[in-house]
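# Reading the structure
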Amino acid sequence: MSKAPTEIRIGGFGGQGVILSGIIIGKAFSIYDGKHATLTQAFGPEARGSACSAQVILSAEPVLYPYVAKPDTLVVMSQEAYTKFSPDLKKDGVLLYEEDLVQPDDTIKGIKSYSIPATRFAEELGRKLVLNIVMVGFFSAISNLLSEKAAKKAITASVPKGTEELNLKAFKKGYEYGKKLVARSS
Amino acid sequence: MTNKMITADPKGVLTGSHYLDGDHACCEGALAAGCRFVAGYPITPSTEVVERFSARCPQVGGMFIQMEDEIASSIAIYGGVWAGAKAMTVTSGPGFSLMMEHIGLGVMLETPCVFVNVQRGGPSTGLPTLPGQADMMQARWGSHGDYEIIALSPNSPQEAFDLTIEAFNLSEQYRVPVMMMLDECVGHMTEKVIIPKAEEIKIYPRRFTKAKPGEYLPYKPGPDMVPDLVKVGDGHRFHITGLTHDERGYPVMNHICQDQLVRRLMDKINKNADKITHLEEDGTEGAECVVVSYGITSRIAARAIDMARAEGLKVGHIQCKVVWPFPAKRILELVPKVKSFVMPEMNMGQVVLELERIVKGQAQVSLVPHAGGMVHEPEVILQAIKQSLK
Amino acid sequence: MSTEEKKPTNPIEPLLRMERMPHIWCPGCGIGTTVNCFARALEDTKTDLDKTALVSGIGCTGRVAGYLKLDSFHTTHGRPIPFATGLKLANPKLNVVVYSGDGDLFAIGGNHFIHAARRNIDILVICVNNYTYGMTGGQLTPTTPYSAIASTAPYGNFEKTFNLPYLAESCGAAFVARWTSYHVRQTAKCMAEALGKKGFRFIEIISPCPTLYQRRNKLGDGLAFMKYLKENSVRKDDAQTKDVGLDFQGEITVGKFVDREMPTFLDDMNRRLSETMGDKYEKYEGIKTKI
């Protein structure tokens, strides 16, 4: 990766595991890929409910300024999160979204966007809850920032005991779908 | 007598690489330092420290109690300490205000312990979920009467871990409550935290007296001005009081005893200030401007300094990991060599007053204030650096 | 014939810090009497004095910790109970006794009393109730009876008065009793009994303050108040605590009102953590980490 840090925002509604997906990405990059990742999140009543978010800065060098203002990549899992956070996306940024939950409008120009039916994939695996991990897999494939190995280790270390297998399957689903999309578009 | 350092009890040390926020890292630092007693009352943004401790303490033979308020929390820990434990309490904003009386009691009883304050925006309820650094003078002066205190301020979860251990060590060495001044940003920021092996963590052990029961004087200072400790139940049948007292711990209501006691309580910190000081310096040799910072603001300052250097300016950086006592000696060395000091703080100008007091007008001192709720924009600090060198 | 005369000594002298005598209490004050009772109770029960900690707050009764030769703590106003809580929880093998006054324990420290009783912290709390703040000159406390004069109630108290045994029982205390400083034997016996029990134990001792409370209320000297205590105290061990409130110079119900066995904070903690953590939990019996 280049020396410039990559700033990511993940948005969704409370209960979707937005923060956990941020933690997995940060953990994979910093602990298992040996670089630096700073995660911040909004707290308080305004951060609960409809549009919660996690911000992660991935960097080869230690991160100094910890907050994300204009993310390079926006991952959204709800329409409200899309509405709230998409105006901040960098002009040439990347948008990743769950296609059954988010309907992007045409107002944002210049960005690259990729979508995935993550909820359906999660349902096929028998647990709608693993939607966030499908999105982590999708993000890993599209961004090419995390090693697959590191992402899997981070998932195993972060999800509840007994759900590792399921979550790894969810990751694989998102990852493979993402890789196919990238291959097709290149 | 200063004690020989020992190594940490492995039971409390979660060796390995972790992805933790500053609050959780602070809790792990306390556990690694041997802290097994925490009394606290929930308050944002420090609650995660006690949440983690409440989960961890049954695994390590510790005690956690959620008290009825911060006043109770801040004195329950003294019970824990005098019963022979290492103890801390944790709070933020309004809770810190409620603890002030007991900081004074801790100073007076010379009770080693740690007060963690994860600072948020104030005054009053202020900004519970957003950062501030506006309790720095409160940490220094908040309780009534004259005293000296030690306060540390980490700028990352890693430092929250490392400096919490240092805070416990300093509290044991100087027998004073030590303030661990995080802020909401560091407390809630998640980063990699490397926890070393127990045998690599140095611990200052409690200095228990070697005196036999009947011979022990609770406030007879050693050559370093610090008296030895005991614990309840060892047969010393000692007495301690928040009143002005003599070496026996008995109240003495006169100015002579007051003068001796207050001077010693202050001297044991002041005269050891150079040993307590902990700085991180970057490019101060040959610098025309030195930025002095602490806590999260030091990271923003570092970004601003990078930008300034890219423009060819000679800028150095001092990060105060220990804020109180303030590193007067080092600043005085730099005064004749630099044109200016720039001090960004997430308050309207607190620690900068100490900087100005030391510099005495012999160099320019520029404050970069911020009312809190958000860290500085690096560009604002950069502008202050440029302005100060004009 | 020896020229040395044998000095008469107080049998509780070994329990006192004699080098600190004379004490600060006024002639006729009842606090010293209660300390005598407590010392006797410690002796009678053969309590291990090296394992007994005494914690006081601020005020006249707050000075008790300074005179007894135990590990003793003179803390801040209203906070001896949370300090004692810390001692007991860090080292459950200690006998921990809080000894303080009505203003300290029930005005500024009221919240701590409530919660320590609720948690059933295993400590004995002795409250010398003299209806006033003596150290600061005789101000109103939560136990000042209706109509009594205090320096901050110069026209007579119009506030409602705390019924301390009722408060203690309703908050969950395991043992609740009241005596007066006239009843020295009963008080000593009650203290001895309480020292042998477990859980949050509370003893209220009604006691004179001739210098301030009595003088201001024209109630005579210490002896006159003793006479009042003698003539107006009625022992009712089975009294309902709700009925034992105090009126100005009225009847004083004395006796042991509550004596019940209940799991303490530490019993509850150990049980709950064993249930939920299973074999991973080692029963907590105090902090053993070497420091």
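The structure reproduced in this document is the subject of the present report. Just so you know, these numbers come straight off a predicted model, no measurement behind them.

Moving on, we get to the sheet that holds strand β4 (residues 124–129) of chain C. Taken in spatial order, the nine strands make up an open sheet running β12(B)-β2(C)-β1(C)-β3(C)-β4(C)-β8(C)-β7(C)-β10(C)-β9(C), and their pairing is mixed. Looking at strand neighbours, the two that pair on one side only are β12 (239–241) of chain B together with β9 (233–235) of chain C, the edges of this open sheet. Strand-to-strand twist across the sheet, computed as the mean angle between neighbouring axes with direction ignored, equals 20°. Pairing between β12(B) and strand β2 (residues 71–74) of chain C: three bridges, direction parallel. If you follow B:Ile240 over to β2(C), its bridge partner there is C:Phe73. Across the face of the sheet, helix α3 (residues 80–90) of chain C comes into contact with β1 (52–56), β2, β3 (95–101) and β4 of chain C while running at roughly 175° to β3(C). Here helix α7 (residues 184–195) of chain C sits on the sheet and contacts β3, β4, β7 (175–180), β8 (201–206), β9 and β10 (252–259) of chain C; the angle it forms with β7(C), its principal contact strand, is near 165°.

Before going further, it helps to spend a moment on helix α6 (residues 164–185) of chain A. Turn by turn, an α-helix covers 3.6 residues, leaving residues three or four places apart pointing in a common direction. All names here are of chain A. Its 22 residues give α6 an end-to-end C-alpha distance of 31 Å, which sits within 8% of 32 Å, the value for a rise of 1.5 Å per residue. Within α6, the full set of buried residues consists of Asn167, Ala170, Phe171, Gly174, Tyr175, Gly178 and Leu181. Down the axis of α6, the smallest arc covering the buried residues is 125°, so these residues share one side. In this structure, α6 carries Glu165, Lys180, Ala183 and Arg184 as exposed residues pointing more than 90 degrees from its buried face. Of the surrounding secondary structure, the elements contacted by the buried residues of α6 are β6 (112–116), α4 (131–143) and α5 (148–158).

With that settled, the discussion passes to the pairing of strand β17 (residues 340–344) of chain B. All names here are of chain B. β17 sits mainly inside the fold: five of its five residues count as buried. Side chains Ser340, Val342 and Pro344 of β17 all project onto a buried face; the interleaved residues Phe341 and Met343 project onto the opposite face, where all are buried too. Pairing of strand β14 (residues 289–293) with β17, which is carried by three bridges, proceeds in the parallel orientation. Each residue of the ladder has a partner; that of Val290, found in β17, is Phe341. Pairing of β17 with strand β18 (residues 364–368), which is carried by five bridges, proceeds in the parallel orientation. Directly across from Val342, in β18, lies its bridge partner Ser366. With respect to chirality, the unit in which β17 leads through helix α13 (residues 351–359) into the neighbouring parallel β18 is right-handed.

What counts, and where the lines are drawn
- Residues numbered from 1 in each chain as written.
- Chains lettered and ligands numbered in written order.
- Predicted model: local features only at pLDDT ≥ 70, side-chain atom pairs only at ≥ 80, totals over all residues.
- Heavy atoms only, no water.
- Pairing = 2+ DSSP bridges.
- Helix = DSSP H or I, 4+ residues; strand = E, 2+ residues; numbered from the N terminus.
- Axes fitted to C-alpha atoms, helices over the stretch in contact; angles between N-to-C directions.
- Contact = heavy atoms within 4.5 Å.
- Expected span 1.5 Å × (residues − 1).
- Buried < 20%, exposed > 50% of the residue type's maximum accessible area, 1.4 Å probe, protein only.
- Arc of directions from axis to C-beta.
- Right-handed = clockwise from strand over helix to strand, strands pointing away.

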